[in-house]
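Spelled out, the chains give:
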Amino acid sequence: MDRLLIRGGKKLQGTVRASGSKNAALPILVATLLTDEPCVLHRVPDLRDVRTTLKILEYLGKKVTYENGTVTISADGQLKNSLPYELVKQMRASFWVAGPLLARFLEAEIPLPGGCAIGVRPVDIHLKGFEKLGATCEMNAGNVILRAQELVPSKIVLRFPSVGATQNLLMCACLIEGETVLENVAKEPEIDDVIDFLNKMGADISTDDKGRLVIYGKKTLHGAEHEVVADRIESGSYMLAAAATRGDVTVTGCVPEHNAILLEDLQEAGFTLTVTNDSVRVHAYDGDIKPIRVRTAPYPGFATDLQAPWMTLMCLSDGTAEVDEDIFENRFMHAPELVRMGAQIVTEKSVARITGVKELSAAHVQASDLRGGMALVIAGLCAKGETEVERVYHIDRGYENLEEKLTSLGADIKRYNPEK
Ligand code: EPZ
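Residues numbered from 1 in each chain as written. Predicted model: local features only at pLDDT ≥ 70, side-chain atom pairs only at ≥ 80, totals over all residues. Heavy atoms only, no water.

## A few points about the overall build of the protein chain
Condition: Strands here are runs of E lasting at least two residues and helices are runs of H or I lasting at least four, both read from the DSSP assignment and numbered beginning at the N terminus. Restricting the calculation to C-alpha atoms gives the radius of gyration, and the globule rule supplies 2.2 Å times the number of residues raised to the power 0.38. For every residue, the accessible area (1.4 Å probe, protein chains only) is compared with the maximum for its type, and the residue is labelled buried under 20%, exposed over 50%, or partly exposed between those bounds. Here, two residues are considered to be in contact whenever any of their heavy atoms come within 4.5 Å of each other. For every accessible area listed, the method is Shrake-Rupley and the probe measures 1.4 Å; residues are considered covered only by the protein chains on display.
The secondary structure content of the protein chain amounts to 13 helices and 23 strands. Taken against the 2.2 N^0.38 rule, which gives 22 Å for 420 residues, the C-alpha radius of gyration of the protein chain at 22 Å falls within 12% of a compact globule. The dimensions of the protein chain, computed from C-alpha atoms along their principal axes, are 65 × 50 × 45 Å. By the burial criterion, 59% of the 420 residues in the protein chain qualify as buried. By sequence separation, contacts in the protein chain at least 24 residues apart represent 73% of the contacts at least 6 residues apart. For the protein chain, the computed accessible surface area is about 16,400 Å², with 49% contributed by carbon and sulfur atoms.

So this is what it looks like as structure tokens:
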């Protein structure tokens, strides 16, 4: 399996362009199941999770091409309405095909997504919503079997603003005639991008003055063309890499307001930023990095997906910082690896206390999940000497052209496979 060799201690310099958002591209690709007409999607990042989703669409019966960031999807005969465990176990987001398949066929059989490194990650909110829409949910040998005589419009209050449940229920409701209202929904920018795409397909989705999603379902939806929004988590990760290496980097092609809290916290920590409508420049800063307390929360709160890269920056602060991970129950797996690189971190349940150190030292570490892996890469970029990061496949799920982008910023980073 691939590893990354990083010779750290260099300040990142230059400009890097954000890729399309993984967490918008995945649900938008799934939303193409709602129509048999061709769809064209641009700025789709070349990531493991995207490739897995394209495989799922092909398994279900779609014809797919993918070239230079553009995906074309068209019907290729009758769609299947079930997925094999093989595919679902690779990526939790594959469960989001449930909504479109239930809406189209009144029956879907999807393996329950297992948990993953960062938590159990149940789908109870999804299933309760489907029941409110008139479906029965049965469990059989690890699969969820959703069935409905007829799907009915409904008013659904999510007990927690789950991103995936919001998207799953939203896609299902698009084909249920009548008015469905979803309350306490996730407000992540990726949801807006999915809504934008669904409305281009002829759906009728709006947000009322209470922030609820109001969907008037249609009999059918048509094909559409769409460019995926910039990836705010990738953008934020590069801003944090710039800050941690004391570099001077401009992230272009991004949506700064999607990183509003991160930009505020970076400035509070002492960094100077130049922000335009589609770029953020982190200026070189050699002063003390102030320890800032962050707690993760649903958007627009501090993004849980940036918690790990942020922790790496706080390892270099001049005091004691605190990180509260309030979204996932086990999202500090990068902490012990950072400690092996000289960081001082104590975790207790959902709180990590970080006492800043002057510098980190290179080590042989391993990634346990996508964003924790990026935290280790950033630490390797800061640490003098050669850091080796194992299980790079985690990182390949969410960072397009990682080495190329970091090399263009002056990093000394190589990918190699010891088995080859
Ligand atoms: C999406 O996951 C993202 N993935 C995650 O990004 C992100 O961390 C997460 O939203 C939160 O922002 C994609 O968009 C593909 P949730 P999702 O449902 O939808 C609990 C990354 O690094 N929950 O909002 O699975 C759940 O256990 C990935 O790019 C229930 O209890 O997240 C978790 O604690 C990691 N029951 C919390 O809610 C449910 O039915 C948030 O989960 C659903 C969720």
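## Some points on the site of the ligand
Operational definition: Note on terminology: near, applied to a residue and a molecule or strand, indicates that one of the residue's heavy atoms is within 4 Å of it. Counted as a polar contact is a pair of N or O atoms within 3.5 Å, where, for protein atoms, one must be capable of donating a hydrogen and the other of accepting one, and residues adjacent in sequence contribute only when both atoms are in side chains. Ten residues, namely Ala, Val, Leu, Ile, Met, Phe, Trp, Tyr, Cys and Pro, are considered nonpolar, four, namely Asp, Glu, Lys and Arg, are considered charged, and the remaining ones, Gly among them, are considered polar. Here the bounds of each domain stem from an automatic or database domain assignment.
Around the ligand lies a shell of 24 residues, among which Arg-92, Asp-124, Ser-162, Asp-305 and Ile-327 are the nearest. In the model, an oxygen atom of the ligand is placed 2.7 Å from a nitrogen or oxygen of the Arg-92 side chain. Ile-125 places a polar main-chain atom, nitrogen or oxygen, 2.8 Å from an oxygen atom of the ligand. Taking 830 Å² as the accessible area of the ligand by itself, protein coverage stands at 91%. Those elements that place two or more of their residues in the shell around the ligand are α1 (22–31), α5 (124–132), α6 (163–173) and α12 (370–382). Taken together, the residues of the shell around the ligand break down into eleven nonpolar, five polar and eight charged. A domain split of the shell around the ligand shows at least three residues from each of domain 1 (3–18 + 230–416) and domain 2 (22–227).

## Looking at the domain arrangement of the protein chain
Note the cut-off: Summed over both partners, the accessible area lost on bringing two parts together, with a 1.4 Å probe, is the buried area. Between Lys or Arg on one side and Asp or Glu on the other, a salt bridge is scored when a side-chain nitrogen of the former is within 4 Å of a carboxyl oxygen of the latter.
Here the protein chain is described as being made up of domain 1 (3–18 + 230–416) and domain 2 (22–227). Contact residues are listed per partner, giving 27 residues for domain 1 and 22 residues for domain 2. Each partner contributes to the roughly 1,900 Å² buried at the junction of domain 1 and domain 2, and carbon and sulfur atoms together form 51% of this total. Broken down residue by residue, the surface that domain 1 buries against domain 2 is led by Tyr-299, Arg-397 and Glu-400, which jointly contribute 31%. Connecting domain 1 to domain 2 are two salt bridges. The salt bridge partner of Glu-190 is Arg-232, with a shortest N-O separation of 2.7 Å. Here domain 1 and domain 2 share ten residue pairs in polar contact (both at pLDDT 80 or more) between them. By residue class, the composition of the side of domain 1 that touches domain 2 is ten nonpolar, six polar and eleven charged.

## Thoughts on the packing of aromatic side chains
Stated formally: Ring geometry is summarised as follows: Phe, Tyr and Trp rings, the Trp one being its six-membered ring, pair when their centres sit within 6.5 Å, and such pairs are stacked at plane angles under 30 degrees, edge-to-face over 60 and tilted between the two.
Applying the stated criterion to the full structure yields two aromatic pairs. Ring plane angle 65 degrees and centroid distance 5.1 Å describe the contact between Phe-271 and Tyr-285, whose orientation is recorded as edge-to-face. Remark: Tyr-285 occurs in the loop between β16 (279–282) and β17 (294–295) and Phe-271 occurs in the loop between α9 (260–268) and β15 (273–275); sequence separation between them is 14 residues. The pair Phe-271 / Tyr-285 is uniform in exposure class, with both members buried. Seen in terms of ring centroids, Phe-302 and Trp-310 are 5.7 Å apart; in terms of plane orientation they differ by 70 degrees. Their pairing is edge-to-face.

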